[in-house]
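# Coordinates in review
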Amino acid sequence: MSEGLAILGATGSVGRSTLDVLARQPSAMPLHALTAHSNAAALADLCLAHRPRFAVIADPAGEPALRDALSGAGIAVRSGAAALVEVAAEAESVLSAIVGAAGLLPTLAAVQAGRRVIVANKEPLVMAGELFLAEAQASGAELIPVDSEHNAIFQCLPAGYRCGQRPDGVKKLILTASGGPFREWDLSAMRDATPAQAVAHPNWDMGAKISVDSATMMNKGLEVIEAHWLFAMPHEAIEVVVHPQSTVHSLVVYRDGSLLAQMGAPDMRIPLAHALGLPERIASGADSLDLIGADLRFEAVDMTRFPCLRLAREAIATGLTAPAILNAANEVAVEAFLGGRLAFGQIAEVIAAVLETAAGRALPAATELQAVLAMDDWARQQATTTMKGLVQA
Ligand code: NAD
Ligand code: MG
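Conventions we followed
- Residues numbered from 1 in each chain as written.
- Chains lettered and ligands numbered in written order.
- Predicted model: local features only at pLDDT ≥ 70, side-chain atom pairs only at ≥ 80, totals over all residues.
- Heavy atoms only, no water.
- Salt bridge = Lys/Arg side-chain N within 4 Å of Asp/Glu carboxyl O.
- Helix = DSSP H or I, 4+ residues; strand = E, 2+ residues; numbered from the N terminus.
- Buried < 20%, exposed > 50% of the residue type's maximum accessible area, 1.4 Å probe, protein only.
- Near = heavy atom within 4 Å.
- Polar contact = N/O pair within 3.5 Å; in protein donor to acceptor, adjacent residues only side chain to side chain.
- Areas by Shrake-Rupley, 256 points an atom, 1.4 Å probe, with all protein chains shown as cover.
- Domains from an automatic or database assignment.
- Contact = heavy atoms within 4.5 Å.
- Buried area = accessible area lost by both parts, 1.4 Å probe.
- Nonpolar A, V, L, I, M, F, W, Y, C, P; charged D, E, K, R; others polar.
- Pairing = 2+ DSSP bridges.
- Axes fitted to C-alpha atoms, helices over the stretch in contact; angles between N-to-C directions.

## Overview of the pattern of salt bridges
Scanning the entire structure with this criterion turns up 23 salt bridges. Notably, a salt bridge pairs Arg78 with Glu90, separated by 3.2 Å at the nearest N-O pair. Of this pair, Arg78 sits in strand β4 (residues 76-79) while Glu90 sits in helix α4 (residues 81-90), placing them twelve residues apart in sequence. Overall, the relative accessible area of 18% leaves Arg78 in the buried class. Residue Glu90 is classed as partly exposed on the basis of its relative accessible area of 24%.

This is how it looks when you write it as structure tokens:
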């Protein structure tokens, strides 16, 4: 094991917020590695500023430019998907902040190596949560959630709580949702919403994929599944409420009627500082919330305008590899929407069609990596075929 933290997805929104928190600390936390997909210039800039031992670029085509930019800096360069897995398994702790299924193998490698794994990248947990928690149990890996809702719940559970155990005395979990940019739009306007409108989140500044997921509310569906695995709670005991101000980040409802909430500004540096500092409290750079005049409202989700949340609930109720299929179809549909090849309203239609086709098959369990990867692949092909049909219609 090598000392320090590996940040997977360092050039992204969560990765940069993590580096911002680290740079505020009086003593530097050693960095094992910073990784990125293909932007060698952005990765090199971060490496020169934060001095990790390794710079890893997933796309091998970016390696020459990265080597060039880092020559003489004393930072070793690696490339390719296997290098991501290697640095994840070597580091003492790992911040998992790649977007989508691409984070599955490196995050799983860190878990199998028994590391402390700080999890932002929710899609691998959606795809293979049961496998992740079983591997963590076997290796002694510690999972620390930083998705703001899951970090809020984690903070409201008793000190010493470890993910994967059903928490004592807890009746249910309440995930709050901002409702995204289309909370008050009517269904017909939402159908043709543009990518620019969908990524303009009212409260959070995030990567494009999760911003679209917030606009469809698939993000909350993925988070119900994420919470189901992290906190070993039945999905029926995980409620979603719309809270447009995004200041109550989620709640734990105890058996005695107590509701414990974590509050704060909508700034990812708060959950990140909590996870990075554990068990100490460290500075995050975020403003503290001003309660005077603060407006706290809670509303039910409109399931007619946000069918993706229903689809996610159906997938976790089906279990097996249905959540992996849901996730893959969503990734393909969101990418097509961002690329201008699919209408906003068609995202849910594509996912529903793929899940319907899957319902006619005997699905494998999600406890074997190969089965998860095979169903991920199958669902991506199904989604692509479905989209061709929609565009021609
Ligand atoms: P982003 O798009 O801003 O950044 C993604 C990062 O992953 C980049 O560093 C990119 O280079 C890397 N990456 C992308 N594809 C890759 C590939 N194929 N191989 C290797 N690396 C790849 O995304 P983000 O908004 O920072 O979100 C990251 C993850 O955290 C997502 O799973 C998201 O759901 C979750 N999350 C994000 C936020 C947020 O505020 N942004 C909040 C909660 C959870
Ligand atoms: Mg969240």
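## Brief notes about the site of ligand 1
Near ligand 1 lie 23 residues; those nearest to it are Thr11, Ser13, His37, Glu123 and Gly207. Between an oxygen atom of ligand 1 and a side-chain N or O atom of Thr11, the distance comes to 2.7 Å. Here an oxygen atom of ligand 1 sits 2.9 Å away from a polar atom, N or O, in the main chain of Ser13. Relative to its unbound accessible area of 830 Å², ligand 1 is 86% covered by the protein chains.

## Overview of unusual backbone geometry
The residue after Leu278, namely Pro279, is reached through a cis peptide bond having omega 5°. If you trace the backbone, Pro279 turns up in the loop between α12 (269-277) and α13 (307-318). One non-glycine residue, Arg51, lies in the positive phi region at around 55°. Locating Arg51 in the fold gives a position in the loop between α2 (40-50) and β3 (54-57). Note on Arg51: relative accessible area 45%, which makes it partly exposed. Not every positive phi belongs to a glycine, and Met217 is a case in point at roughly 70°. Among the secondary structure elements, Met217 is positioned in the loop between α10 (208-216) and α11 (218-230). Met217 gets classed as buried once you look at its relative accessible area, which sits at 3%.

## A closer look at the domain arrangement of the chain
When cut into domains, the chain gives domain 1 (5-146) and domain 2 (319-393). Here domain 1 and domain 2 have C-alpha centroids that lie 27 Å from each other. The interface is formed by eleven residues belonging to domain 1 together with eleven residues belonging to domain 2. Of the roughly 890 Å² buried at the junction of domain 1 and domain 2 (both faces included), carbon and sulfur atoms supply 72%. Counting the surface domain 1 buries against domain 2, the share from its top three residues, Val126, Met127 and Leu131, is 51%. The interface formed by domain 1 and domain 2 contains zero salt bridges. Counting the contacts that link domain 1 with domain 2 gives one residue pair in polar contact (both at pLDDT 80 or more). Of all elements in the fold, only α5 (104-112) and α6 (123-139) reach the threshold of two or more residues within the side of domain 1 that touches domain 2. The biggest single contributor to the side of domain 1 that touches domain 2 is α6, with six residues. Its residues assigned to classes, the side of domain 1 that touches domain 2 shows eight nonpolar, one polar and two charged.

## Thoughts on the sheet that holds strand β8 (residues 170-177)
With mixed pairing, four strands are arranged side by side in an open sheet as β9-β8-β10-β11. The sheet is open, and its two edges are formed by β9 (238-242) and β11 (259-263), each paired on a single side. Between one strand axis and the next, the sheet turns through 20° on average, direction left out of account. Two strands pair when backbone bridges link them, and strand β10 (residues 248-254) and β11 are joined in this way by five bridges, in the antiparallel orientation. Its bridge partner being in β11, Val248 is matched across the sheet by Met263.

## Topic: the sheet that holds strand β6 (residues 116-119)
Taken in spatial order, the seven strands line up as β4-β3-β2-β1-β5-β6-β7 in an open sheet, and their pairing is parallel. Two strands in the sheet have a free side with no partner beyond their single neighbour: β4 and β7 (142-145). Adjacent strand axes in the sheet meet at a mean angle of 20° when their direction is disregarded. Where strand β2 (residues 31-36) and β3 come together, four bridges link them in parallel fashion. Directly across from Ala36, in β3, lies its bridge partner Ile57. Across the sheet, α5 is in contact with β1 (2-8), β5 (91-96), β6 and β7; its angle to β6 comes to roughly 145°.

## Points about the environment of Leu259
Note on placement: Leu259 falls in strand β11. Sequence separation between Leu259 and Leu230 is 29 residues, and the spatial gap between their C-alpha atoms is 19 Å. Filtering out sequence-adjacent residues up to four positions away, Leu259 remains in contact with Leu251, Val252 and Val253.

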